[in-house]
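Structural features, examined
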Amino acid sequence: MLKGESAVLETTNLKKAFKKNVAVSDVNLYLDKGESVGLLGPNGAGKSTAISMISSLVKPSAGDVTWHGKSVVKDPNVIRMHLGVVPQDIALYKELTAVENLRFFGRIYGLRGKELESRMANVLEIVGLTERKNELVKHYSGGMQRRVNIAVALLHEPEIIIMDEPTVGIDPQSRNYILEMVQKLNEEQGMTVLYTSHYMEEVERLCDRIYIMDHGKVIASGTKQELTGILSSEETIWLELDRSYPGLVAELNDMEEILRVIETDKGIKLITPKNSRLLGSIFQAAERQQAQIISLNVQVPTLEDVFLHLTGRKLRD
Amino acid sequence: MKSIFLLQLQRLRREPMLLLSMTGMTFLFVFFLGGFGASDQVEVPVYFDQSMNGKEQDILLERLNQSESYRFTETDQKTAEKQVALGDIPFAMKAMPDDYRMLIAADDPNQVLVDQYVKQVYAEELRLQEAESATGETDLRNGVEAALKEAPIGLTTSTAEGESTSGEYSQRNHFLFGMTLFFSIYTIIFSLSKVAEEKRTGTWNRVILSPVRKFHLYIGHLAYSFMIGFLQIVIIFSIFRYGFDYYIGGNIGLMLLTVACYTFAVVALGMLLLGLVNNLEQLNAIVPIVTVSMAMIGGAYWPIEAVSNSILLAMSKIVPVTYGMEALKGLALDQSLSALAQPLAILIVIGVFCMGIGINLMERRA
Ligand SMILES: Nc1ncnc2c1ncn2[C@@H]1O[C@H](COP(=O)(O)OP(=O)(O)O)[C@@H](O)[C@H]1O
Ligand SMILES: [Mg+2]
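Parameters and conventions
- Here the residue numbering is sequential within each chain, running from 1 through the sequence in written order.
- Here the convention is simple: chains get letters from A, ligands get numbers from 1, in the order in which they are written.
- The model is predicted, so local features are restricted to residues of pLDDT at least 70 and side-chain atom pairs to those at 80 or more, both for listing and for counting; the totals for chains, interfaces and linings are taken over all residues.
- Calculated side-chain values reflect all of the structure's heavy atoms, with hydrogen atoms and water omitted.
- pLDDT gives the predictor's per-residue confidence on a scale running from 0 to 100.
- The helix count covers DSSP runs of H or I at least four residues long, the strand count covers runs of E at least two residues long, and both are numbered beginning at the N terminus.
- For Na, K and Ca the donor cut-off is 3.2 Å; for every other metal, N, O and S atoms count as donors within 2.8 Å. Water does not enter the count, which can leave sites looking incomplete.
- A 1.4 Å probe rolled over the protein chains alone gives each residue an accessible area, and that area as a share of the maximum for its type sets the label: buried under 20%, exposed over 50%, partly exposed in between.
- Between any two strands, at least two bridges found by DSSP are needed for them to pair.
- Note on method: axes are straight lines fitted to C-alpha atoms, helices fitted across the in-contact stretch only, with angles between N-to-C directions ranging 0 to 180 degrees.
- All domain edges in this entry derive from an automatic or database-based domain assignment.
- Residues are labelled near a given molecule or strand when at least one of their non-hydrogen atoms is within 4 Å of it.
- By the criterion applied in these results, polar contacts are pairs of N or O atoms within 3.5 Å in which, for protein atoms, one can donate a hydrogen and the other can accept it, and in which residues neighboring in sequence qualify only through two side-chain atoms.
- Amino acid classes used here: Ala, Val, Leu, Ile, Met, Phe, Trp, Tyr, Cys and Pro are nonpolar; Asp, Glu, Lys and Arg are charged; the rest, including Gly, are polar.
- Contacts are assigned to residue pairs that have any heavy atoms within 4.5 Å of one another.
- Helices are assigned an expected span. That span is 1.5 Å times one less than the residue count.
- Each of two parts loses accessible area, computed with a 1.4 Å probe, when they are put together; buried area is these two losses added.
- We define a salt bridge as a side-chain nitrogen of Lys or Arg found within 4 Å of a carboxyl oxygen belonging to Asp or Glu.

Moving on, we come to the confidence of the model for chain A. Residue-level pLDDT values for chain A average 89, and 97% of them are 70 or greater. The least confident element of chain A, judged by mean pLDDT, is helix α11 (residues 303-311) of chain A at 78; the most confident is strand β7 (residues 160-164) of chain A at 96.

Quick look at the coordination of the magnesium ion (ligand 2) now. Residue and element names in this part refer to chain A. Coordination of the magnesium ion (ligand 2) by the protein comes from Ser48 (OG) and Gln88 (OE1), over a distance range of 2.0 to 2.2 Å. Remark: Gln88 occurs in the loop between β6 (83-86) and α3 (98-108) and Ser48 occurs in helix α1 (residues 47-54); sequence separation between them is 40 residues. Of the residues examined, Ser48 reaches a relative accessible area of 26% and is grouped as partly exposed. Classification of Gln88 as partly exposed rests on a relative accessible area of 29%.

To continue, consider the sheet that holds strand β2 (residues 70-74) of chain B. Residues and elements named next belong to chain B. Strand order in this open sheet of 4 strands is β2-β1-β3-β4, and the pairing throughout is mixed. Two strands close off the open sheet at either side, each with one partner strand: β2 and β4 (100-104). Averaged over all adjacent pairs, the angle separating strand axes in this sheet is 30°, with direction ignored. Bridge analysis of strand β1 (residues 42-48) against β2 gives 5 bridges, and the strand direction is parallel. What sits directly across from Pro45, in β2, is Thr73.

Another point: the domain arrangement of chain B. Partitioning chain B into structural domains gives domain 1 (2-36 + 170-365) and domain 2 (42-165). For domain 1 of chain B versus domain 2 of chain B, the distance between C-alpha centres works out to 40 Å.

Before going further, it helps to spend a moment on the site of ligand 1. All names here are of chain A. Around ligand 1, the surrounding shell consists of Phe18, Asn21, Ala23, Pro42, Asn43, Gly44, Ala45, Gly46, Lys47, Ser48 and Thr49. At 2.7 Å, a side-chain N or O of Ser48 approaches an oxygen atom of ligand 1. Side-chain polar atom of Thr49 to an oxygen atom of ligand 1: 2.5 Å apart, as the coordinates give it. Breaking the shell around ligand 1 down by element, the ones donating at least two residues are β2 (21-32) and α1. With 3 residues, α1 is the largest single contributor of residues to the shell around ligand 1. Class assignment for the residues of the shell around ligand 1 results in 4 nonpolar, 6 polar and 1 charged.

So, about the environment of Met355 of chain B. Residue and element names in this part refer to chain B. With respect to the helices, strands and loops of the structure, Met355 is situated in helix α14 (residues 337-365). Overall, Met355 belongs to the buried group, its relative accessible area being 13%. Spatially, the C-alpha atom of Met355 lies 17 Å from that of Leu283, the residues being 72 residues apart in sequence. Ignoring any residue separated from it by four or fewer positions in sequence, one finds Met355 in contact with Leu222, Phe264, Val267, Ala268 and Met271.

Residue and element names in this part refer to chain B. Here helix α13 (residues 320-332) is 13 residues long and its end C-alpha atoms lie 18 Å apart, about the 18 Å a rise of 1.5 Å per residue gives. α13 sits mainly inside the fold: 12 of its 13 residues count as buried. Listed in full, the buried residues belonging to α13 are Pro320, Val321, Thr322, Tyr323, Gly324, Met325, Ala327, Leu328, Lys329, Gly330, Leu331 and Ala332. Elements in contact with the buried residues of α13: α7 (171-201), α9 (214-243), α10 (252-276), α11 (280-297), α12 (310-316) and α14.

On to the interface of chain B and chain A. Taken together, the 20 residues of chain B in the interface contact 27 residues of chain A. By the criterion of area lost to chain A, the three top residues of chain B are Arg14, Arg206 and Leu209 of chain B, representing 37% of everything that side buries. Put simply, Lys138 of chain A and Glu15 of chain B hold a salt bridge, and the shortest N to O gap is 3.7 Å. The set of elements that each furnish at least two residues to the side of chain B that touches chain A consists of α1 (2-14), α7 and α8 (203-209) of chain B. A class-by-class count of the residues in the side of chain B that touches chain A yields 7 nonpolar, 7 polar and 6 charged.

Here is the structure:
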């Protein structure tokens, strides 16, 4: 079977412009049933806008979204009952308890009585809040609020869940809990997941396939191996310095063999062809500039490097 | 829709401060501005001549008590004479079928006013009786009374206490109506601002993604704001009507209808404002401005008759407060539905108009 042949969700040439500002353009992506797909990109890349169009909240300026082959743009109802959305912001009534929130959102999905109560118990168990379900949401920690935010999206047992940066601004422990939870939903319950983040570790860990977005466009896509394969002919040399040395940067920039020089606050990052044997010349340059090297690292490429390679910028700025 | 409405109630139960403080403020303002209940009425003890039977006595007492400024209470001749002689009360009145006497011990400024008022009541009565016997029509009295209540021109009588428009409409009623309408705008628009808040937090989108129709989502919010505003006004009116003896008209059904029309217009105006602003901060900034200026122009603070600037008068024509005040004043004067039809109809038109534009603007923004 060909890739995308069995896609449950597909977008074609999706575009959204706010007046003159083009937030998303020509986005083509698909999700197979049971797949976990990541949408990776820095802030402002257009991830949330893309998700809003996919989930039928925002009408695209051009292009289409289909769910099982039917246009979501023409009839939003084809996807709504099957879709759970975890918004980027905490979309809850904070003056109410977790249970009250869940009960309300369950009711508007037509759930009542025993069924509603058992689903509520179920999602509370999944997000690990059974013990504290009767506390006001505003008294929860950021991590707990995020978990209720997810619980609400799971209540009506959707086929696909779309999560918009569900771990932003929370402690590592809660974050880990959420990542594990998403993994379980995907692997054990076969839920299709579209996971948005600007943390590459997260999508690397969770997702079968990844789309990298920047300035409203998908600039690369594939499995992690495929993506880092883009850099198979390159390697990254990471030079940690005690302070900044503009002279050194200039000298390195002048070296023909070095593909790219990126100055960071802790040192200099160099992208070079693989096996280029440049270390000697780099040391000599550092010697000439009397630069203090704290450490030197030769790295295999990460998604971060892929992004860097494609855009010349870091993912998180 | 029911779920949306109930949810708002649940949220209100958790955070009732807005509603309570607005109701409380209205109460305090009316209470202090309008005076302390019945205490500003001049009390006049009345005793009757033996020639009057019980029914005649009741009719006369009722007629005399139609004024808000005086309270005529029944007593007997002995008590009255004793109290006046001892100086416990400044004066008392002896009522006879066609005439009256004032029993006075010391000079009292109110006595002149009471005398004037009673004279007027008796004169009217006599004139009516004469007319009746001349024409032989028995329902002439009803006709004349009805015509007086809905006099096409306002009769203004000057008294030592200042001007008062014809009938029972008094300064304190004005405060009651004005302050109540004024504060209710805050309650209504701030309760509607939950819509803007929900749009910001994202719960709005969550509901949009559910099978709930958008129409029902709006209706749920509108119904809730309507109910809050309506209740606040009705509660305040009830407190002053039953607790402090304010006369706000005899027709409770019409009163509720008037309050409903006004509340509807303000809810709709709130939707228009919501459609015009970009966020909650802007809304919070413009609500006091809009509310206060509407109350001023619409005559909630001082009677609209006091405004002479033609621009302000023109503006008052599009402000719901103007028509709310007009209708309530009509009610207090016991005008019939046909006299109230115009202000009520205008309120509904303003409401429909604002609602249409407001929802349209909001939807276009989305
Ligand atoms: N409602 C809107 N009106 C105007 N511009 C918007 C709106 N929503 C998003 N944008 C713009 O679109 C771009 C993409 O935003 P967004 O989709 O939120 O990115 P991300 O979720 O990847 O951080 C940004 O430049 C943002 O300013
Ligand atoms: Mg975003």
